[in-house]
Every structure is written in structure tokens, then in C-alpha cells.
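# Summary of the model geometry
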Amino acid sequence: MVSNVCALILAAGLSRRMGEPKQLLDFKGVPLLQHIISRCLLFPFSEVIAVIGYEAKRIQHSIQIHDSRFRWVYNPDYGMGQSSSLWAGLKECHQGRSVMVFLGDQPLISPGTIQFIFQSGLEQQNKSDEPCMFRPSYQNLPGHPVFLGNIKQMSFRNLKGDQGAKDIIRHLKNRNLVPVEDPGVTFDIDTPEAYKRAKTMMGKGWGV
């Protein structure tokens, strides 16, 4: 059964450190961003939205998703940082009481972790109308995906820069940092070296 939670994938960045669009890097035989979108579609999200900006037309041409729950959102202000993409996506989450925020360069998060954060947030959302946050951490480092519950009770208008929702989260009374044994929640593919490591880790069973 489809939930009232929207999955929001932030993937509009310039990929400066990578030197090429990391959204289109080959990962398990498909573009990296496609892998993350497909993984999200395994879960009962009401919508799966990928926010893109840099090389948007090329990305849309290269990635074909055939699922009615999926759509692209274009962020024309992608150069202003991650917060602009978060805000662009939040405005388009029409079928979600809550959102679960993913990053478009983190393919090694295990399905078990996604399910755990999703279920934890959903249970809290159904108990109360108060806004809440559930976020995984690995070795005391906060990671993704981040569940933001009851988003209509939150104010996102002051989002700015590359801080994402940190300022909003800081003011929530019900915020939960949940330790997990999943290094993938903090592993970003930002550089050619990180991409190389990710392929090695994938071969060792990470993200399964």
C-alpha cells in the first residue's frame, strides 16, 4: 500500500570536484542517479521526485524511468546550493504529508536502513501532527536519508546555501539521530577517488 510520504532526491549539483556529471557515472550498469531512483521506487512512497539542475536535459535524456510515481523537478537556482534544491522539491511534494530526503550521490545505503528510517518516521507521523525528524548516523556522523515528518508544520522559507534543512532541524523538538551499522549513510561520491572506492565497496556487498 502506498504511503503518504514523498521521497525527494537532491541531484542538481555542479559536480565540480568530480569533473563530470556524477549523476551519470556508471553504477551497476546504469547511471548513478538512476540506481538511486530505482531503489527509492522499491518502497511505498507516494511520489519519488528527483531535483536536477546542472546538465538537466542530458540527465533526463540518459535516464528513463517508467513508473507513474516518479517525476523530475528542475531547479533553476541550482548554483545557490543544496537548500535551493530542497525548497524546489518540497514545493512539488503534493501527495506527501512527510518527506524522506535522499542525496543523488549516495548509492551505498542499504535497503534495510531505508526501511528502518522510513518505518520509524511513519510511526511517529501517525502518532502526532507535530513535526519530527529521523536521521541515521554512523560512528556519530549524521547521514541520509532524512525523514521529515508533518512538513506542513515546518517553515522552510529561510533555507539557504549548502546547509540543506539543518537550520530547520535544529529548531525541532522531536528530532532523532538513530545509530545504524551502515557506512553507506555517510558515503558521498564527490571525487574520482570516492567513485573508485564506491565500486570497490559495492563489490564487497555494501548497499545490499
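Reference entry: report on the structure contained in this document. In this text the structure is predicted, and so the values were computed from the model without any measurement.

## Observations regarding the overall build of the protein chain
- Scanning the protein chain from terminus to terminus reveals six helices and ten strands.
- Over its C-alpha trace the protein chain gives a radius of gyration of 16 Å, about what one expects of a compact globule, namely 17 Å for 208 residues.
- The C-alpha extent of the protein chain, read off along each of the three principal axes, is 45 × 35 × 35 Å.
- The buried share among the 208 residues of the protein chain stands at 55%.
- At a minimum sequence separation of 6, the contacts of the protein chain that also span at least 24 residues come to 71%.
- Surface summary for the protein chain: the accessible area is close to 10400 Å², and the carbon and sulfur share equals 48%.
- Here the protein chain holds 24 positive side-chain charges and 18 negative ones, and the gap between their average locations is 2 Å.

## Observations concerning the side chain of Ser-137
- In this fold, Ser-137 is placed in strand 7 (residues 132-138).
- On the accessibility criterion, Ser-137 (5% relative accessible area) is buried.

## Looking at the nonpolar core
- By size, the foremost hydrophobic cluster in this structure holds 45 residues, and its most contacted members are Ile-9, Ile-37, Phe-45, Val-48 and Met-100.
- Mapped onto this core, the elements with two or more residues apiece are strand 1 (5-10), helix 1 (32-40), strand 4 (47-52), helix 2 (56-62), strand 6 (98-103), helix 4 (111-127), strand 7 and helix 6 (192-203).
- The dominant element in this core, judged by the number of residues it contributes, is helix 1, at five residues.
- Sequence-distant contacts of Ile-9, defined by excluding residues within four places in its chain, comprise Leu-33, Ile-36, Ile-37, Cys-40, Val-48, Ile-49, Ala-50, Val-51, Phe-102, Leu-103 and Gly-104.
- One finds Val-73, Leu-90, Leu-148 and Ile-168 within the second-largest nonpolar core, a separate group that totals 22 residues.

## Here's the deal with unusual backbone geometry
- Geometrically, the link from His-144 to Pro-145 is a cis peptide bond, its omega value of 5° lying close to zero.
- Note that Pro-145 resides in the loop between strand 8 (141-142) and strand 9 (146-149).
- The phi torsion at Lys-28 lies on the positive side, around 55°, for a residue other than glycine.
- Here Lys-28 falls in the partly exposed class, since its relative accessible area comes to 46%.
- Its identity is not glycine, yet Glu-55 carries a phi of approximately 55°, on the positive side.
- Within the secondary structure, Glu-55 is located in the loop between strand 4 and helix 2.

## Remarks on helix 4
- For helix 4, with 17 residues, the first-to-last C-alpha span of 24 Å sits near the 24 Å given by 1.5 Å per residue.
- Taken residue by residue, helix 4 has Thr-113, Ile-114, Ile-117, Phe-118, Ser-120, Gly-121, Leu-122, Gln-124 and Gln-125 as its buried positions.
- On its buried face, helix 4 is in contact with strand 1, helix 1, strand 6, strand 7, strand 9 and strand 10 (174-179).

## Considerations on the environment of Leu-10
- Its place among the elements puts Leu-10 in strand 1.
- Taking relative accessible area as the criterion, Leu-10 reaches 9% and is therefore assigned buried.
- A sequence separation of 43 residues divides Leu-10 from Gly-53, and the C-alpha atoms of the two residues are 9.7 Å apart.
- Setting aside residues no more than four positions away along its own chain, Leu-10 makes contact with Val-51, Gln-82, Ser-85, Leu-86, Val-101, Phe-102, Leu-103 and Gly-104.

## Description of the environment of Arg-71
- As for its position among the elements, Arg-71 is in strand 5 (residues 70-74).
- What makes Arg-71 partly exposed here is its relative accessible area of 24%.
- Put simply, Arg-71 and Asp-105 are 34 residues apart on the chain and 18 Å apart in space, counted from C-alpha to C-alpha.

## Some points on empty space enclosed by the protein
- Tallied over the full model, the rule gives one cavity of 30 Å³ or more.
- His-35, Ile-36, Arg-39, Cys-40, Phe-102, Leu-103, Gln-106, Pro-107, Ile-109 and Ile-114 are the residues that line the largest cavity.
- If you list the elements that add at least two residues to the lining of the largest cavity, you get helix 1 and strand 6.
- Considering each element in turn, the lining of the largest cavity owes the most residues, four residues, to helix 1.
- Its residues placed into classes, the lining of the largest cavity shows seven nonpolar, two polar and one charged.

Criteria and cut-off values
Residue numbers run consecutively from 1 along every chain, following the written order of its sequence. Owing to the predicted nature of the model, reporting of local features is limited to residues with pLDDT of at least 70; listing and counting of side-chain atom pairs is limited to 80 or more, with chain, interface and lining totals taken over all residues. Hydrogens and water molecules were not included; the side-chain quantities draw on all heavy atoms of the structure. Helix and strand assignments come from DSSP, with helices taken as H or I runs of at least 4 residues and strands as E runs of at least 2, each series counted from the N terminus. Computation of the radius of gyration draws on C-alpha atoms, with the globule rule given as 2.2 Å multiplied by the number of residues to the power 0.38. Summary of the burial criterion: residues with accessible area below 20% of their type's maximum are buried, those above 50% are exposed, and those between are partly exposed, where the area comes from a 1.4 Å probe applied to protein chains only. What makes two residues a contact is simply this: any of their non-hydrogen atoms within 4.5 Å. The protein chains shown are the only cover counted for residues, whose accessible areas, like all others here, come from Shrake-Rupley with a 1.4 Å probe. Charge assignment in this entry is limited to Lys and Arg as positive and Asp and Glu as negative, and neither His nor the chain termini are counted. For this purpose, a charge sits on NZ of Lys, CZ of Arg, CG of Asp or CD of Glu. In plain words, nonpolar cores are sets of buried Ala, Val, Leu, Ile, Met, Phe, Trp, Tyr and Cys residues tied together by side-chain atoms within 4.5 Å. In this analysis, the expected span of each helix is defined as 1.5 Å times one less than the number of residues it contains. As defined here, a cavity is a set of points on a 1 Å grid over the protein atoms alone where a 1.4 Å probe fits but cannot get out. A pocket is an open set with protein on both sides within 12 Å along at least five of seven lines, and residues line them when an atom is within 4 Å of a point. Grid points are joined across faces, edges and corners, and a volume is the space filled by probe spheres set on the points. Residues were grouped as follows: Ala, Val, Leu, Ile, Met, Phe, Trp, Tyr, Cys and Pro as nonpolar; Asp, Glu, Lys and Arg as charged; and all remaining residues, including Gly, as polar.

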